[in-house]
Amino acid sequence: MADSKKTKKNYKELSYAELVAQRNELKQKYMDFRFQMVVGHVDNPMQKRAMRKDIARLNTLIRAKELAGANK
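The shown structure was predicted, so the numbers you read here are calculated from the model rather than taken from an experiment. (Residues numbered from 1 in each chain as written. Predicted model: local features only at pLDDT ≥ 70, side-chain atom pairs only at ≥ 80, totals over all residues. Heavy atoms only, no water.)

Novice: It is not clear to me how the overall build of the protein should be interpreted in this structure. Could you clarify?
Specialist: A tally of regular secondary structure across the protein gives 3 helices and 0 strands. Each helix and strand of the protein, ordered N terminal to C terminal, gives the series α-α-α. Counting over 72 residues, the protein shows a buried share of 18%. Partitioning the contacts of the protein with sequence separation of at least 6, the portion at a separation of at least 24 is 62%. If you sum the accessible surface of the protein, you get close to 5600 Å²; carbon and sulfur atoms cover 52% of it. (Helix = DSSP H or I, 4+ residues; strand = E, 2+ residues; numbered from the N terminus. Buried < 20%, exposed > 50% of the residue type's maximum accessible area, 1.4 Å probe, protein only. Contact = heavy atoms within 4.5 Å. Areas by Shrake-Rupley, 256 points an atom, 1.4 Å probe, with all protein chains shown as cover.)

Printed below as a string of structure tokens:
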């Protein structure tokens, strides 16, 4: 639980380009994780939910920065 609070603060401090790069990296990890789930080699299936929430959190911060005009 403490790790998620730590990452929330870290996400807010990132620039627009860094947020987009982080989101793309997380999306790729999520797709790999989904493939591993199909194959059946997953230790913690709850990690999938945490990844989705992190991606959604990043999307929210990216959109907020777009609206603020920070992406230029």
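After presenting the structure, the write-up continues.
Novice: Which parts of the structure should I look at to understand the nonpolar core?
Specialist: Counting 11 residues, the largest nonpolar core is built from Y11, L19, V20, L26, Y30, F33, M51, I55, L58, L61 and I62. At the level of elements, α2 (16–39) and α3 (47–68) are the ones that each hand at least two residues to this core. (Core = buried A, V, L, I, M, F, W, Y, C linked by side-chain atoms within 4.5 Å.)

Novice: How should I be thinking about the environment of R23 in this particular structure?
Specialist: When you line up the elements, R23 lands in helix α2. Distance from R23 to R57, taken between C-alpha atoms, is 9.2 Å for residues 34 residues apart in sequence. Excluding residues within four positions of it along the chain, R23 makes contact with I55, L58, N59 and I62. Only 3.0 Å separates the side chain of R23 from the side chain of N59, close enough to count as a polar contact. (Polar contact = N/O pair within 3.5 Å; in protein donor to acceptor, adjacent residues only side chain to side chain.)

Novice: It is not clear to me how the pattern of salt bridges should be interpreted in this structure. Could you clarify?
Specialist: Proximity of charged atoms lets side chains of opposite charge pair with each other. Considering all chains together, one arrives at 3 salt bridges under this definition. Between K29 and E25 there is a salt bridge, and its shortest N-O distance comes to 3.5 Å. Taken together, the residues span about one helical turn, with K29 and E25 both in helix α2 at a distance of 4 residues. Take E25: its relative accessible area is 40%, and that puts it in the partly exposed class. (Salt bridge = Lys/Arg side-chain N within 4 Å of Asp/Glu carboxyl O.)

Novice: I tried to follow the side chain of D54 on my own but got confused; where do I start?
Specialist: Mapped onto the elements, D54 comes out in helix α3. On the accessibility criterion, D54 (18% relative accessible area) is buried. Setting aside chain neighbours within four positions, we find D54 in contact with Y11 and L26.

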